[in-house]
4 protein chains.
Amino acid sequence: MHRFEKEDLKAAPPGTFRTQLPVRFQDVDAAGIVFFARIFDYVHAAYEEFLASVGHPLPTILAQGKWAAPLRHAEADYLAPSRFGDVLTIELVRAHVVETEIALGWRLTSDAGPSPRAVVQTVHAFVTLPRFERCAVPPDIVQALTQ
Amino acid sequence: MHRFEKEDLKAAPPGTFRTQLPVRFQDVDAAGIVFFARIFDYVHAAYEEFLASVGHPLPTILAQGKWAAPLRHAEADYLAPSRFGDVLTIELVRAHVVETEIALGWRLTSDAGPSPRAVVQTVHAFVTLPRFERCAVPPDIVQALTQ
Amino acid sequence: MHRFEKEDLKAAPPGTFRTQLPVRFQDVDAAGIVFFARIFDYVHAAYEEFLASVGHPLPTILAQGKWAAPLRHAEADYLAPSRFGDVLTIELVRAHVVETEIALGWRLTSDAGPSPRAVVQTVHAFVTLPRFERCAVPPDIVQALTQ
Amino acid sequence: MHRFEKEDLKAAPPGTFRTQLPVRFQDVDAAGIVFFARIFDYVHAAYEEFLASVGHPLPTILAQGKWAAPLRHAEADYLAPSRFGDVLTIELVRAHVVETEIALGWRLTSDAGPSPRAVVQTVHAFVTLPRFERCAVPPDIVQALTQ
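Residues numbered from 1 in each chain as written. Chains lettered and ligands numbered in written order. Predicted model: local features only at pLDDT ≥ 70, side-chain atom pairs only at ≥ 80, totals over all residues. Heavy atoms only, no water.

Novice: Explain the relation of the copies chain D and chain A here, please?
Specialist: Two chain copies here: they are related by a rotation about an axis and a translation along the same axis. Between the two copies, chain D and chain A, the superposition gives an RMSD of 0.0 Å; the rotation angle is 180° and the shift along the axis is 0.0 Å. Both copies are brought into coincidence by an operation consistent with a two-fold rotation axis. Of every C-alpha in chain D, the one belonging to E75 of chain D sits nearest the axis of rotation, 2.0 Å from it. The residues that chain D uses at the interface reappear at the interface of chain A in 100% of cases, marking a shared surface. (Least-squares fit on C-alpha atoms with pLDDT ≥ 70 in both. Contact = heavy atoms within 4.5 Å.)

Novice: Help me understand the environment of F50 of chain D in this model?
Specialist: Residues and elements named next belong to chain D. With respect to the secondary-structure elements, F50 resides in helix α1 (residues 38-53). Exposure remark for F50: the relative accessible area of 5% places this residue in the buried category. Sequence-distant contacts of F50, defined by excluding residues within four places in its chain, comprise F17, L92, A144 and L145. (Helix = DSSP H or I, 4+ residues; strand = E, 2+ residues; numbered from the N terminus. Buried < 20%, exposed > 50% of the residue type's maximum accessible area, 1.4 Å probe, protein only.)

Novice: Any chance you could explain the interface of chain D and chain C here in plain terms?
Specialist: Reports often express the size of an interface as the amount of accessible area lost when the parts come together. Between chain D and chain C, the residue contacts involve 9 residues of the former and 9 residues of the latter. When chain D packs against chain C, close to 840 Å² is buried across both sides, 74% of that on carbon and sulfur atoms. Per-residue buried area on chain D facing chain C is highest for F25, Q26 and A30 of chain D; these three make up 56% of the total on that side. Taken together, chain D and chain C are joined by 0 salt bridges. Linking chain D with chain C are 2 residue pairs in polar contact (both at pLDDT 80 or more). Classifying every residue of the side of chain D that touches chain C gives 6 nonpolar, 1 polar and 2 charged. (Buried area = accessible area lost by both parts, 1.4 Å probe. Salt bridge = Lys/Arg side-chain N within 4 Å of Asp/Glu carboxyl O. Polar contact = N/O pair within 3.5 Å; in protein donor to acceptor, adjacent residues only side chain to side chain. Nonpolar A, V, L, I, M, F, W, Y, C, P; charged D, E, K, R; others polar.)

Novice: What should I look at first to understand the sheet that holds strand β4 (residues 87-97) of chain B in this one?
Specialist: Here 10 strands make up an open sheet; going across it, the order is β1(B)-β4(B)-β5(B)-β6(B)-β3(B)-β3(C)-β6(C)-β5(C)-β4(C)-β1(C) and the pairing antiparallel. Each edge of the open sheet carries a strand with a single partner, namely β1 (17-22) of chain B together with β1 (17-22) of chain C. Adjacent strand axes in the sheet meet at a mean angle of 20° when their direction is disregarded. As paired elements, strand β4 (residues 87-97) of chain C and strand β5 (residues 101-110) of chain C share 9 bridges and run antiparallel to each other. Its bridge partner being in β5 of chain C, E91 of chain C is matched across the sheet by R107 of chain C. Each of β4 and β5 of chain C is contacted by helix α3 (residues 139-146) of chain C, which is oriented at about 110° to β4 of chain C, the strand it contacts most. (Pairing = 2+ DSSP bridges. Axes fitted to C-alpha atoms, helices over the stretch in contact; angles between N-to-C directions.)

Novice: What is the right way to look at the relation of the copies chain D and chain C in this model?
Specialist: Note on the identical chains: chain D maps onto chain C by a rotation of 180° and an axial translation of 0.0 Å, with an RMSD of 0.0 Å. A shared interface surface links the copies, since 100% of the contact residues of chain D are contact residues in chain C too.

Novice: Any chance you could explain the interface of chain D and chain A here in plain terms?
Specialist: At the interface, 21 residues of chain D touch 21 residues of chain A. For the pair chain D and chain A, the summed buried surface comes to about 1900 Å²; carbon and sulfur atoms form 61% of the total. If you look at where chain D meets chain A, you find 4 salt bridges. E75 of chain A is paired through a salt bridge with R3 of chain D; the nearest N and O atoms lie 2.5 Å apart. The interface formed by chain D and chain A contains 12 residue pairs in polar contact (both at pLDDT 80 or more). Within the residue set of the side of chain D that touches chain A, elements represented by two or more residues are α1 and β3 (71-78) of chain D. By residue number, the principal contributor to the side of chain D that touches chain A is β3 of chain D, which donates 8 residues. Pairing of strand β3 (residues 71-78) of chain A with β3 of chain D involves 5 bridges; the strand directions are antiparallel. For D77 of chain A, the partnering residue across the bridge sits in β3 of chain D and is H73 of chain D.

Novice: Teacher, can you tell me more about the packing of aromatic side chains here?
Specialist: Two numbers describe a pair of aromatic rings. These are the distance of the centres and the angle of the planes. According to the stated counting rule, one finds 30 aromatic pairs over all chains in the structure shown. Taking the centre distance of 5.3 Å and the plane angle of 35° together, the rings of W67 of chain B and F126 of chain B count as tilted. One end of the pair, W67 of chain B, is in strand β2 (residues 67-68); the other, F126 of chain B, is in the loop between β6 (113-125) and β7 (127-128), with 59 residues separating them in the sequence. Its relative accessible area of 1% is what places F126 of chain B among the buried residues. Considering the side-chain rings of F25 of chain D and F84 of chain D, the 5.5 Å spacing of their centres and the 65° angle between planes classify their relative orientation as edge-to-face. Of this pair, F25 of chain D sits in the loop between β1 (17-22) and α1 while F84 of chain D is found in the loop between β3 and β4 (87-97), placing the two residues 59 residues apart along the sequence. The residues F25 of chain D and F84 of chain D share a single accessibility class, namely buried. (Phe/Tyr/Trp six-rings, centres within 6.5 Å; stacked < 30°, edge-to-face > 60°.)

Novice: Hey, could you run me through the pairing of β6 of chain B in this one?
Specialist: Side-chain direction in a regular strand flips from residue to residue, so the side chains alternate between the two faces of the sheet. All names here are of chain B. Counting buried residues along β6, 10 of its 13 residues qualify, which places the element largely inside the surrounding structure. One ladder, built from 9 bridges, connects strand β5 (residues 101-110) with β6; its direction is antiparallel. Counterpart to L104 in the pairing with β6 is T122. Joining the antiparallel neighbours β5 and β6 is a turn of 2 residues.

Written as structure tokens, this is what we have:
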């Protein structure tokens, strides 16, 4: 399984896919900062928007029922806390495609400054439905990720 | 649609179904108290445990695919805030069954004192699957609710 | 406490505040539709955006620590289920201001058709901080709500 | 930063701290399985219960305001999906203490069979409050983790 170096996720190459999300009132925890697991919720929202941007909206993928791409791995390094009021920019800064898997590297920054709040990596395994047999990553997703 | 008087939900009759849930670290909001919508998450957890206690665990109901009981209405009155560290007791204090609907009245208290934190009411409509036609409430649920 | 008639929340007067939110992958429940309590999460997101639009962003209000407006009551009527892939429009269709409270009426529709998915009402009580004594609704919020 | 081998988290040594949690109706996603980020919510619930079991309940730690242990890193390997109706057992199977950090290794299994659903690792950094300077892990937590 591919793993990115944490340092390689801290900068965004030109042409990076990005989206913005506000931290919601209910996303913080009893310590007053964004609950660590919410970072993964944000990254998944960005992943949904990325898929839509390359012509594969996730609701359509699920409705077609031909393939799915469940998570095999997810990890986050927390570099600075985020708080209610922050607007986060989530960028898809790296991608690595192997035959039946994609590894995606994400960076989260805020409008408050340039240093990243977190870097995240996710690995999705592509499988046919309903049998869950490994299958090749669809060509246009490969193309979008390797541009 | 049946609606309970708020005052009638503040006391629990003998034999009331009850369960306990801790407020989780991530259930609070940026004001430091339990986010208002989480109260409904807690009540649904109690509803799941009630259904299991009367022989109709919700996972089994869904797997059988014969009927469902989606929410038609939900409301909460917030009487005092709850915080991280509280252990909430959720009680099914009232029930009203009409032909194809049940109205349930819930009370939430904590280990910190007797006065309720919130009272909640939910109305579920019973429908056949997959056609979503109204159907009678199953007899053993009626019996459990009218004891 | 003010309560709107459910029917009065089904239509939006001209000039209504509105915002849009996509149903997220993780907002559904095991029955495959949006979990009923998430409707309140969506309405709170719209409330945050309404407050920002009238010059009172909630993060600023909390940081100032002079007053707060906790929920005293919340209720929803579910008219049709929402699903992953829906983009919901949330509108502030009614408001009722009393001295220290506001009642807000909300309508949720989708891009799939004109009939509402849900109508919601919320009642906020205004209190001073840190003593939680009832206080008047700030004049510019009154003005924004009564235009 | 310490990282456990994934294979080393698949078995539980004797005396492992464990707790159980049911998958809730609203924990699944639009693909019908537990949303990947909820696994971290479950692990944090287990972490709260572990802290309480060693005499450091998290609400008390936060109320005292002397130190905190924010997450520096979190990762999960997903080995099999979990579904509504599953009851998960979450076990603290490994721990590694360095001067100001703890790395915790978790295993999630279900009542449906012995093979793990997921393995998770979290790294907490201990800091003084309110200055967020690194500090030594409290001795009784060290002791509980190194037994």
